[in-house]
Amino acid sequence: MSRLRNVPSLKAFMMRGEVLRLYRSVVRVSKRLDPAEREATLEFARNQFKTMKSVNDTHHIRYLLMEGRKQLDQCKNSLDQAM
């Protein structure tokens, strides 16, 4: 019996890293928000990541990553302008 049965492809492994990097960035940026906004932002992000967890199509995942980065950049820009 092979232990390599559930090993993801290199592409899937790399994409998983990108998704985790995006999530960590959201958590980092949320630390700049006040506590109520931080909790709401993290809850929204958690729900989005959980909802999209079952997506397997590479093109769709890339699209979601692009949209997530765009939203994160907008949030960063808003925070930078507010300070």
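Residues numbered from 1 in each chain as written. Predicted model: local features only at pLDDT ≥ 70, side-chain atom pairs only at ≥ 80, totals over all residues. Heavy atoms only, no water.

S.K.: Describe the layout of surface pockets, and please don't skip the residues or the numbers.
M.R.: Roughly 1,100 Å³ of internal volume is contained in the largest pocket. If you go around the largest pocket, you meet 34 residues; those closest to its centre are V19, L22, Q48, F49 and M52. Among the secondary structure elements, those contributing two or more residues to the lining of the largest pocket are α1 (10-30), α2 (35-51) and α3 (58-82). For the lining of the largest pocket, the leading source of residues is α1, giving 12 residues. Of the residues belonging to the lining of the largest pocket, the class tally is 20 nonpolar, eight polar and six charged. (1 Å grid on protein atoms, 1.4 Å probe; cavity = no way out; pocket = protein on both sides within 12 Å on 5 of 7 lines; lining within 4 Å. Points joined across faces, edges and corners; volume = space filled by probe spheres on them. Helix = DSSP H or I, 4+ residues; strand = E, 2+ residues; numbered from the N terminus. Nonpolar A, V, L, I, M, F, W, Y, C, P; charged D, E, K, R; others polar.)

S.K.: How would you summarise the pattern of salt bridges if you had to cite specific residues and measurements?
M.R.: Taken as a whole and judged by the stated rule, the model has four salt bridges. With a shortest N-O distance of 2.9 Å, R69 and E18 are connected by a salt bridge. Placement of the pair is R69 in helix α3 and E18 in helix α1, with a sequence separation of 51 residues. Given the relative accessible area of 37%, R69 is considered partly exposed. R32 is the partner of D80 in a salt bridge, and the nearest nitrogen-oxygen pair spans 2.6 Å. Here D80 is found in helix α3, whereas its partner R32 is found in the loop between α1 and α2, with 48 residues between them in sequence. Residue D80 is classed as partly exposed on the basis of its relative accessible area of 47%. Classification of R32 by relative accessible area gives partly exposed; the value is 35%. Three or more residues joined by partner-sharing salt bridges are found here, namely E18, R62 and R69. (Salt bridge = Lys/Arg side-chain N within 4 Å of Asp/Glu carboxyl O. Buried < 20%, exposed > 50% of the residue type's maximum accessible area, 1.4 Å probe, protein only.)

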